[in-house]
Amino acid sequence: MKRRGFLAVLGAGFVAGCNKFADSDAGSKLLGAAEKWHKNAHDLLMDRKALAPEFPRSAISPFFRGNGSVDPQNGDYPAQADAGFADWRLEVRGLVEHPLSLSLENIRKLPQRTQVTRHDCVEGWSAIGEWTGPQLSLLLDAAKLRPEAKYIVFRCADNLNGQDYYESVDLIDAYHPQTIVAHELNGEPLPIRNGAPLRMRIERQLGYKHAKYLTAIEAVASLDDIEGGKGGYWEDRAGYQWYAGI
Ligand SMILES: Nc1nc2c(c(=O)[nH]1)N[C@H]1C(S)=C(S)[C@@H](COP(=O)(O)O)O[C@H]1N2
Ligand SMILES: [Mo]
């Protein structure tokens, strides 16, 4: 038999014999395994979309400590702080159709999400706070990601021990409903120690992923050529996991 004829017969035979195959012992085992594999993959995806726990306002910590940079002294940050961040801009750039440059006023006018969540730092402390800001997905949709975009990089104003802080996430976390660009903590503008005037809240991730002093959001196809190539300040410096899901 010629190869094409063989494949045609095999195809027809497979379709016609499908039920028989499923009824056979080996067949049902194989299909069962495939279904289980699919379910595990599906559960994994569903799990990544699940919400982090949210708490009543009564659970809010009396003091939300600052960690890492708590008062940046580099670049024009001190001058911006003195001016009450009146001229702060947040850029959305990289692999997008419509790059954006947003003022704080622009950010405050977008639909807002408020969430009371627990922040977990790998150094062994947690705090509960109420965060408010637009979902990152709104900004990404307004800028319109190009199909090549695979990661979102967060650029920060602070330089910590000689390196600019930065972080990144994949598109699942970028589009998670609790991933917001926060400008308020507990109903007040962010304190400087907690990332004024803008910081990320990425509630399904550990503390170091939540970039403070946010200046730009960059869509990229690869993290390889950014800073140390590991996707974040602590990932580059101390080998912290890039995927820090909780
Ligand atoms: N720009 C910037 N973002 C940052 C850091 C930092 O030093 N600089 N520290 C990270 C770490 S390790 C934690 S635990 C949280 C701390 O947030 P907080 O200062 O509001 O407690 O911010 C994260 N984001
Ligand atoms: Mo942390």
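All residue numbers here refer to positions counted from 1 along the written sequence of the relevant chain. In the order they appear in the text, chains get letters beginning with A and ligands get numbers beginning with 1. It should be noted that, the model being predicted, local features are given only for residues of pLDDT at least 70 and side-chain atom pairs only at 80 or more, the latter also being counted only at that level, while totals for whole chains, interfaces and linings use all residues. Where side-chain values are given, they derive from all heavy atoms of the structure, hydrogens and water being excluded.

- For the chain, the name recorded in an unreviewed UniProt entry is Oxidoreductase molybdopterin binding domain-containing protein, with Qipengyuania nanhaisediminis as its organism.

1. Some points on the overall build of the chain
Inference 1: Helix and strand assignments come from DSSP, with helices taken as H or I runs of at least 4 residues and strands as E runs of at least 2, each series counted from the N terminus. Per the secondary structure count, the chain includes eight helices and eleven strands.
Inference 2: Throughout, exposure labels follow a simple rule: accessible area from a 1.4 Å probe, protein chains only, divided by the maximum for the residue type, with under 20% read as buried, over 50% as exposed, and the rest as partly exposed. The burial tally for the chain puts 41% of its 246 residues in the buried class.
Inference 3: The long-range fraction of contacts in the chain, counting pairs at least 24 apart against all pairs at least 6 apart in sequence, stands at 69%.
Inference 4: Summed over all atoms, the accessible surface of the chain reaches about 13,300 Å², with 56% contributed by carbon and sulfur. By definition in these notes, contact holds between two residues if any of their heavy atoms fall within 4.5 Å. Note on areas: Shrake-Rupley, 1.4 Å probe, and residue coverage restricted to the protein chains presented here.

2. Focus: the pattern of salt bridges
Inference 1: Salt bridge, as used here, is a side-chain nitrogen of Lys or Arg placed within 4 Å of a carboxyl oxygen of Asp or Glu. Inspection of every chain in the model, using the stated rule, returns 15 salt bridges.
Inference 2: Measuring nitrogen to oxygen at the nearest pair gives 3.3 Å for the salt bridge that ties Glu 91 to Arg 93.
Inference 3: Classification of Arg 93 as partly exposed rests on a relative accessible area of 29%.
Inference 4: The network of salt bridges with common partners includes Glu 91, Arg 93, Arg 155, Glu 218 and Glu 227.

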